[in-house]
Amino acid sequence: MQQQVQQKQQVIISSEAGQLAAYLHSLVVFRELLFFLVWKNLKVQVAQTVLGFGWLVLRPLLNALVLTFIFGRLARLPSEGSPYLLFLLSGYLPWSYFAGVVSKASGSLTGNAALVTKVYFPRLLLPGALVLAGLSEFVVTLVFFMLVSTLYYGYFPGLGLLWIAVPLLLLLLITAAISFWLAALSVKFRDVRHAASYLLQMLMFLAPVIWPLSLLSTRLGLTADAWVLKLLAGLYPMIGVIEGFRRALLGGPMPWDLMGLGFLTASLLLISGVIYFHRSEQQMADGI
Amino acid sequence: MTHNVLEVRSVSKCFRIKAPQAKDETLITQIIRSSAKALQSVWRDETDAEQEKTLHWALRDVNLVVTEGEIVSVIGHNGSGKSTLLKILSRITAPTKGQVSVRGRLASLLEVGTGFHPDLSGRDNVFLNAAILGMRREEILRRFDAIVDFSGVGAFIDTPVKHYSSGMKVRLGFAVAAHLDPDILIIDEVLAVGDAAFQQRCLSCIEDVGRSGRTVLYVSHHLPSVARLSRRTVLLDQGRVLFDGSTLAAIRQYEERVGGFNTRRQWDSPNSPGDDCVRLLAVEVTSNGLPVDGPVDVRHPVEIHLRYEVMRGGLPILPSLHLHDLGGTLVLSSLDTHPEWHAQPRSAGVYQTTVVFPGNLFNEGSFQAGIAISTMEPYRNHLYVHNAVGFSIFDSITGDSTRGQFRGEVNGYLRPQLTWNTSRAGG
């Protein structure tokens, strides 16, 4: 018995946040809880919606139809040779994953106050579970995209579809990074959530979701490899994400330079986000 | 040799309470100032300029060492720092100063059923709740049937929790926690809800945990359960450890602190308790006819005086008194059965009734008296004032109380003068 006690793990609780490495290790220890939280998010979503998974497809589709009518039919925005609906969906689906997860994650700590103020577990799992749970919804909508594209438009993306893994990884990185930052900030500043929902709307129009990136060169006279474009893609990784998805789904050369710069920014944001989250975690229960 | 599983070393915890904002600022200056401040405070937690915030120390220099297998209770008023201490131990919040070291797996039950989601079934919630409390999947699978059995939820296990009664939710939550199997279990106010039978089951479950060599930290206002579960109790007051030692001594100190109850109550006639038949005007505690301030010597009598007005004559009036301890347990009830007044119709008017408790009747402790006035034939209760007045009893231990020369604990509510006869039987 004495032997056992000595072997047992000793935890020191003090005002210091502790080592980042130990924190990352605790994420591994709690990996099953991550699984349960993801599973809960999925189950709750299914239980709460009458149509269940039907909603997952219906919501982006209805939005896409409205946007297609306004920007494709009325405003006649160019769509780089593809049907406008497919063009729009190829950018709108990854965008709605990003926007949906970020807006949920920014309220994930304040919304789970009962949990955060009563039980200890690495709080990073709360926004983390949302990033993973949202993925299932995203995959369902992607499959739906394939169905529309092959059955209605008779177009099936070729082997180039395999490249989708790259923008998907970038999408995960940037979504996790922004989610961690906003979740931690929203405990300290209550208006972060409102600011986020407002900014997300604005940012959608700034990303090439409803307009093609090539429009920048035709309307503003920028060449495809202008440094301004690269700077923008570096500052705003969603440009690389959307261009990447669009090329993988609709064909064309992958925008490696834009995605590469996006990876750089997203990784920096993710690392700083995890560090910031870890640093502020001890005060979270007091702030909620 | 026993090991320290929990060491709390001079832990203090400070909360900031924000001062109200100054009014004479425009929105724009407010935005500019707070954005500069916001940028600053994103990375830094404290700035010297933040003088406008006031500080509140919830814990001050708390030291506590718990060895393996001990059951320790923590008691104290609301706001004494109990919950803050438990939150620090369970890693929910960090101490401002000091350090805690915990050896082994610690599970806290700060609120039963934490994180239950109303839309999920009982089964799903058991898995989720157990995972949140730190159980592994295989452990949950192995103990699932035992958990459902203990909870008594039975056939409803696949019903969404939103359709459960509050009692069912509590039972399911406690059942999960009872099967956690931690080295150290922290329990806070579990027994505040649930019916008597379930409370009993929880208590024996906590006792089992303690008997199996695990360490339990129990926080409660329910003093009888504290007394039953633990031998050692820590009394917290205003964030400091006021007492750390035997449970009975801790409870006595706690009662004396809480015992700032009324020894005299008076009511103005429109607000006085009662109805159109009889109204209570005043209640007072005296000892030997003198007003009471502070604890009463165990050898002295205690008198409780009632003043009441009978508004409608012709009814037999029955005053009664119901004495509770601070944990709410009924110690005794007594009725006025004096032959001159009992069961006799009374004319309208103001009456004074006194009930005398002789000296050497109560044990040390605090008591609260509830006052009722009823009429008989047919029986009807006209008023009841719960805990109308209270008093404390102490023993100065001079040798002539019923404890004699004995210096140890004498337990129980009463300590009357009884006759003990001893004679040599042979030899």
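Residues numbered from 1 in each chain as written. Chains lettered and ligands numbered in written order. Predicted model: local features only at pLDDT ≥ 70, side-chain atom pairs only at ≥ 80, totals over all residues. Heavy atoms only, no water.

Asker: Quick question: what am I supposed to make of the overall build of chain A here?
Answerer: Of the regular secondary structure elements, chain A holds 14 helices and 1 strand. Against the 2.2 N^0.38 benchmark of 19 Å for 288 residues, chain A shows a C-alpha radius of gyration of 21 Å, consistent with a compact globule. Referenced to the eigenvectors of the C-alpha coordinate spread, the extents of chain A come out at roughly 75 × 45 × 40 Å. Evaluated residue by residue, chain A yields a buried proportion of 50% over its 288 residues. Across chain A, every contact between residues at least 6 apart in sequence was considered, and the portion connecting residues at least 24 apart equals 83%. Total accessible area on chain A is roughly 13700 Å²; 69% of this is exposed by carbon and sulfur atoms. Between the centroid of the 18 positive side chains of chain A and the centroid of its 10 negative side chains there is a distance of 8 Å. (Helix = DSSP H or I, 4+ residues; strand = E, 2+ residues; numbered from the N terminus. Rg over C-alpha atoms; globule rule 2.2 N^0.38 Å. Buried < 20%, exposed > 50% of the residue type's maximum accessible area, 1.4 Å probe, protein only. Contact = heavy atoms within 4.5 Å. Areas by Shrake-Rupley, 256 points an atom, 1.4 Å probe, with all protein chains shown as cover. Lys, Arg positive; Asp, Glu negative; His and termini not counted. Charge placed at Lys NZ, Arg CZ, Asp CG, Glu CD.)

Asker: Would you mind going over the interface of chain B and chain A with me for this structure?
Answerer: By convention, interface size is frequently given as the accessible area that disappears when the constituent parts associate. Each partner contributes residues to the interface: chain B has 47 residues there, and chain A has 43 residues. Roughly 4200 Å² is buried in total at the junction of chain B and chain A, and carbon and sulfur atoms are behind 60% of that figure. The shortest N-O distance in the salt bridge between Lys43(A) and Asp124(B) comes to 2.9 Å. For the interface between chain B and chain A, the tally reads 5 residue pairs in polar contact (both at pLDDT 80 or more). In terms of residues, the side of chain B that touches chain A owes the most to one element, strand β4 (residues 97–103) of chain B, which gives 6 residues. Here the residues of the side of chain B that touches chain A sort into 21 nonpolar, 13 polar and 13 charged. One ladder, built from 5 bridges, connects strand β1 (residues 10–14) of chain A with β4(B); its direction is antiparallel. Paired with Gln10(A) across the two strands is Arg103(B), which belongs to β4(B). (Buried area = accessible area lost by both parts, 1.4 Å probe. Salt bridge = Lys/Arg side-chain N within 4 Å of Asp/Glu carboxyl O. Polar contact = N/O pair within 3.5 Å; in protein donor to acceptor, adjacent residues only side chain to side chain. Nonpolar A, V, L, I, M, F, W, Y, C, P; charged D, E, K, R; others polar. Pairing = 2+ DSSP bridges.)

Asker: Help me understand the side chain of Glu137(A) in this model?
Answerer: Residues and elements named next belong to chain A. Inspection of the secondary structure puts Glu137 in helix α8 (residues 125–152). Taking the relative accessible area as the measure of exposure, Glu137 reaches 16% and is therefore buried. Each residue touching Glu137, except ones within four places of it in the same chain, is listed here: Gln45, Leu56 and Arg59.

Asker: What am I meant to see in the pattern of salt bridges here?
Answerer: Pairs can form between side chains of opposite charge whenever their charged atoms are close. Residue and element names in this part refer to chain B. Under the criterion given, the structure shown has 21 salt bridges over all chains. With a closest N to O distance of 2.9 Å, Arg232 and Asp244 form a salt bridge. Here Asp244 lies in strand β9 (residues 240–246) and Arg232 lies in strand β8 (residues 232–237), a separation of 12 residues in the sequence. Among the salt bridges present, the one from Glu364 reaches Arg415, with a minimum N-O distance of 3.3 Å. In this pair, Glu364 is assigned in the loop between β18 (349–357) and β19 (365–375) and Arg415 in the segment after β20 (380–394), connecting sequence segments 51 residues apart. Overall, Arg415 belongs to the buried group, its relative accessible area being 6%.

Asker: Teacher, can you tell me more about helix α9 (residues 165–188) of chain A here?
Answerer: Note on helix geometry: an α-helix contains 3.6 residues per turn, so any two residues three or four positions apart are oriented the same way. Look at α9(A): 35 Å from first C-alpha to last across 24 residues, which is about the 34 Å you get at 1.5 Å a residue. Summarising burial for α9(A): 17 of the 24 residues are buried, a large majority. (Expected span 1.5 Å × (residues − 1).)

Asker: It is not clear to me how helix α3 (residues 122–132) of chain B should be interpreted in this structure. Could you clarify?
Answerer: All names here are of chain B. Within α3, 10 of the 11 residues are buried, which leaves it mostly tucked inside the rest of the structure. Among the residues making up α3, those that are buried are Gly122, Asp124, Asn125, Val126, Phe127, Leu128, Asn129, Ala130, Ala131 and Ile132. In the segment just after α3, Gly134 is the residue with positive phi, at about 105 degrees.

Asker: So what exactly am I meant to see when it comes to the environment of Ala195(A) here?
Answerer: Residue and element names in this part refer to chain A. Looking at where Ala195 falls in the secondary structure, it is placed in helix α10 (residues 192–206). By relative accessible area, which is 37% here, Ala195 ends up partly exposed. The spatial distance from the C-alpha of Ala195 to the C-alpha of Ser103 is 10.0 Å, given a sequence separation of 92 residues.

Asker: Looking at this model, I keep getting lost on the packing of aromatic side chains. Mind explaining?
Answerer: To describe a pair of aromatic rings, you give the distance between the ring centres and the angle between the ring planes. All names here are of chain A. According to the stated counting rule, one finds 21 aromatic pairs over all chains in the structure shown. Seen from their ring centres, Phe30 and Tyr120 are 6.3 Å apart, and the 85 degrees between their planes marks the pair as edge-to-face. Here the residue Phe30 occupies a position in the loop between α2 (20–29) and α3 (31–48), and Tyr120 occupies one in the loop between α7 (113–116) and α8, the gap between them amounting to 90 residues. Here the two residues Phe30 and Tyr120 agree in accessibility, since each one is buried. Where Phe35 meets Phe36, the ring centres are 5.4 Å apart and the plane angle is 65 degrees; that geometry is what we call edge-to-face. (Phe/Tyr/Trp six-rings, centres within 6.5 Å; stacked < 30°, edge-to-face > 60°.)

Asker: How should unusual backbone geometry be read in this particular structure?
Answerer: Peptide bonds are, in most cases, trans, and in most cases residues other than glycine have a negative phi. Although it is not a glycine, Glu80(A) sits at a positive phi angle of roughly 55 degrees. By the element assignment, Glu80(A) lies in the loop between α4 (53–74) and α5 (84–105).

Asker: It is not clear to me how the pairing of β19(B) should be interpreted in this structure. Could you clarify?
Answerer: Walk down a regular strand and you will see the side chains alternate between the two sheet faces. Residue and element names in this part refer to chain B. Most of β19 sits out of view: 11 of its 11 residues are buried. Relative to β19, strand β15 (residues 315–325) is paired through 9 bridges, and the arrangement is antiparallel. By the bridge assignment, His322 is partnered in β19 with Gly370. Across 10 bridges, the pairing between β19 and β20 is antiparallel. Note that in β20 the partner of Ile373 across the bridge is Leu383. Remark: 4 residues form the turn of the hairpin made by β19 and β20, two consecutive strands paired antiparallel; Glu377 in that turn has positive phi of roughly 55 degrees.

Asker: Help me out: how do you make sense of the environment of Leu42(A) in this one?
Answerer: Residue and element names in this part refer to chain A. Structurally, the position occupied by Leu42 is in helix α3. Residue classification places Leu42 among the partly exposed residues on the basis of a relative accessible area of 25%. Beyond its immediate sequence surroundings of up to four residues, Leu42 is in contact with Ala133 and Ser136.

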